[in-house]
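# Architecture and fold: a report
Each chain is listed here by its residues.
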Amino acid sequence: EPEVTQTPSHQVTQMGQEVILRCVPISNHLYFYWYRQILGQKVEFLVSFYNNEISEKSEIFDDQFSVERPDGSNFTLKIRSTKLEDSAMYFCASSFRGQDEQYFGPGTRLTVT
Amino acid sequence: AQRVTQPEKLLSVFKGAPVELKCNYSYSGSPELFWYVQYSRQRLQLLLRHISRESIKGFTADLNKGETSFHLKKPFAQEEDSAMYYCALSMEPQGGSEKLVFGKGTKLTVNP
């Protein structure tokens, strides 16, 4: 069964550094999402992406964040200058249509020191 | 604003006992409600959604619009049901992607 994959599984970075989190959605899916979960808190929506553009973003998704689909398979989340409070588990998800079930990746644990 | 509340952070039952995980939501429109489950060291996966009206792994959930609830139930819990359960909401389709709004989750432990 096809799955969403994410790399790396764990990323440690210093405050102020740029990080890129990578996701490979399920191949025929058209809608892509990033969520994050700070330890002990709820899973929060960051951004959705369709047809090569952002369709919705949350208040969390400020100018420090960007997403890209650089080729036909990868979907990336970039944080330009990481802060301590960006430490969280980041989940990528994809769906075939907007209202379909979202399939989640295993997550990338980002630790900012 | 949309909100999903799961009042129990932890829930512990014995094998064979009934289990109910509570979920209440706040949304002025017609939501779509989901239960996602995360077993130990595994990814979030959809357990069920209210529009499909299916019973998955013996779990059912009924959307009660009057009480704005979508509680998850199983008559006889099994040890393999031990996991983290998240209730989630998506809003009326607006022709595009539908973000999920999650509750904080309930950790269910089924004891032998």
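Now for a description of the structure that goes with this document. (Residues numbered from 1 in each chain as written. Chains lettered and ligands numbered in written order. Predicted model: local features only at pLDDT ≥ 70, side-chain atom pairs only at ≥ 80, totals over all residues. Heavy atoms only, no water.)

### Section: the overall build of chain B
Under the convention used in this document: Helix and strand definitions follow DSSP, with helices as H or I runs of at least four residues and strands as E runs of at least two, each counted in order from the N terminus. Taken over C-alpha atoms, the radius of gyration is set against a globule rule of 2.2 Å times the number of residues to the power 0.38. Burial classes follow relative accessibility: with a 1.4 Å probe on protein chains only, a residue under 20% of its type's maximum area counts as buried, one over 50% as exposed, and anything between as partly exposed. Residue contacts follow a heavy-atom distance rule, with two residues in contact if any of their heavy atoms lie within 4.5 Å. All accessible-area figures derive from a Shrake-Rupley calculation using a 1.4 Å probe, and residue coverage is judged against the displayed protein chains alone.
Counting secondary structure elements, chain B contains 0 helices and 11 strands. Counting from the amino terminus, helix and strand elements in chain B follow one another as β-β-β-β-β-β-β-β-β-β-β. For chain B, whose C-alpha radius of gyration is 14 Å, the value lies close to the compact-globule estimate of 13 Å for 112 residues. In terms of overall dimensions, chain B has C-alpha extents of about 45 × 30 × 25 Å along its principal axes. Every one of the 112 residues in chain B was classed for burial, and the buried ones make up 48%. Looking at chain B alone, contacts between residues at least 24 apart form 58% of all its contacts between residues at least 6 apart. Here chain B displays about 5800 Å² of accessible surface, and carbon together with sulfur accounts for 49% of that area.

### Regarding the nonpolar core
Inclusion rule: We call a set of buried Ala, Val, Leu, Ile, Met, Phe, Trp, Tyr and Cys residues a nonpolar core when their side-chain atoms join them within 4.5 Å.
Counting 27 residues, the largest nonpolar core has Trp35, Leu72 and Tyr85 of chain B as the members making the most contacts within it. Taken together, the elements giving at least two residues each to this core come down to strand 2 (10–14), strand 3 (19–21), strand 5 (32–38), strand 6 (45–49), strand 9 (83–90) and strand 11 (106–111) of chain B. With 4 residues, strand 9 of chain B is the single largest residue contributor to this core. The next biggest cluster of nonpolar side chains, apart from the first, holds 22 residues, and it includes Trp34, Leu46, Val47 and Val67 of chain A.

### A closer look at the side chain of Glu32 of chain B
Residue and element names in this part refer to chain B. Rules: As used in this structure description, the phrase polar contact means that two N or O atoms lie within 3.5 Å; if the pair is within protein, one of them must be able to donate a hydrogen and the other to accept it, and residues adjacent in sequence are counted only when both atoms belong to side chains.
Turning to its location among the elements, Glu32 is positioned in strand 5. With relative accessibility at 11%, the residue Glu32 sits in the buried group. At 2.5 Å, the side chain of Glu32 and the side chain of Arg49 are in polar contact.

### A short note on the packing of aromatic side chains
To be explicit about the condition: Note on ring pairs: Phe, Tyr and Trp rings are taken, using the six-membered ring of Trp, and paired if centres are within 6.5 Å. Classes follow the plane angle, with under 30 degrees stacked, over 60 edge-to-face and the rest tilted.
Applying the stated criterion across every chain, the model contains 16 aromatic pairs over all chains. Relative to Phe104 of chain A, the ring of Tyr35 of chain A has its centre 5.4 Å away and its plane inclined at 40°; by these criteria the two rings are tilted. Residue Tyr35 of chain A is found in strand 4 (residues 31–37), and its partner Phe104 of chain A is found in strand 10 (residues 103–104); the two are separated by 69 residues along the sequence. Each member of the pair, Tyr35 of chain A as well as Phe104 of chain A, is classed as buried. Here the aromatic rings of Phe59 of chain B and Tyr85 of chain B are separated by 5.6 Å at their centres, their planes lie at 45°, and the arrangement is tilted. Remark: Tyr85 of chain B occurs in strand 9 and Phe59 of chain B occurs in the loop between strand 6 and strand 7 (60–61); sequence separation between them is 26 residues. Here Phe59 of chain B falls in the buried class, since its relative accessible area comes to 0%. Look at Tyr85 of chain B and you get buried, because its relative accessible area is 0%.

### Looking at the interface of chain B and chain A
The cut-off we apply is this: Buried area is a sum: the accessible area each of two parts loses on coming together, probed at 1.4 Å, counted once for each and added.
Taken together, the 17 residues of chain B in the interface contact 21 residues of chain A. Summing the contributions of chain B and of chain A, the shared interface buries around 1800 Å²; its carbon and sulfur component is 51%. Applying the counting rule to chain B against chain A returns 8 residue pairs in polar contact (both at pLDDT 80 or more). When residues of the side of chain B that touches chain A are traced back to their parent elements, those giving at least two are strand 5 and strand 6 of chain B.

### Describing the sheet that holds strand 3 (residues 19–24) of chain A
All names here are of chain A. Which entries qualify depends on this criterion: Two strands pair under a simple rule: DSSP has to find at least two bridges between them. To obtain each axis, a line is fitted to C-alpha atoms, and for helices this fit is confined to the stretch in contact; angles are then taken between N-to-C directions over 0 to 180 degrees.
One open sheet holds the 4 strands; their spatial order is 1-3-8-7, and the pairing between them is antiparallel. Two strands bound the open sheet, and with one partner strand each, they are strand 1 (5–7) and strand 7 (65–68). Taking the axes of each pair of neighbouring strands and ignoring which way they run, one obtains an average angle of 20° across the sheet. Pairing between strand 1 and strand 3: 3 bridges, direction antiparallel. Looking at the pairing, Thr7 lines up with Arg22 of strand 3.

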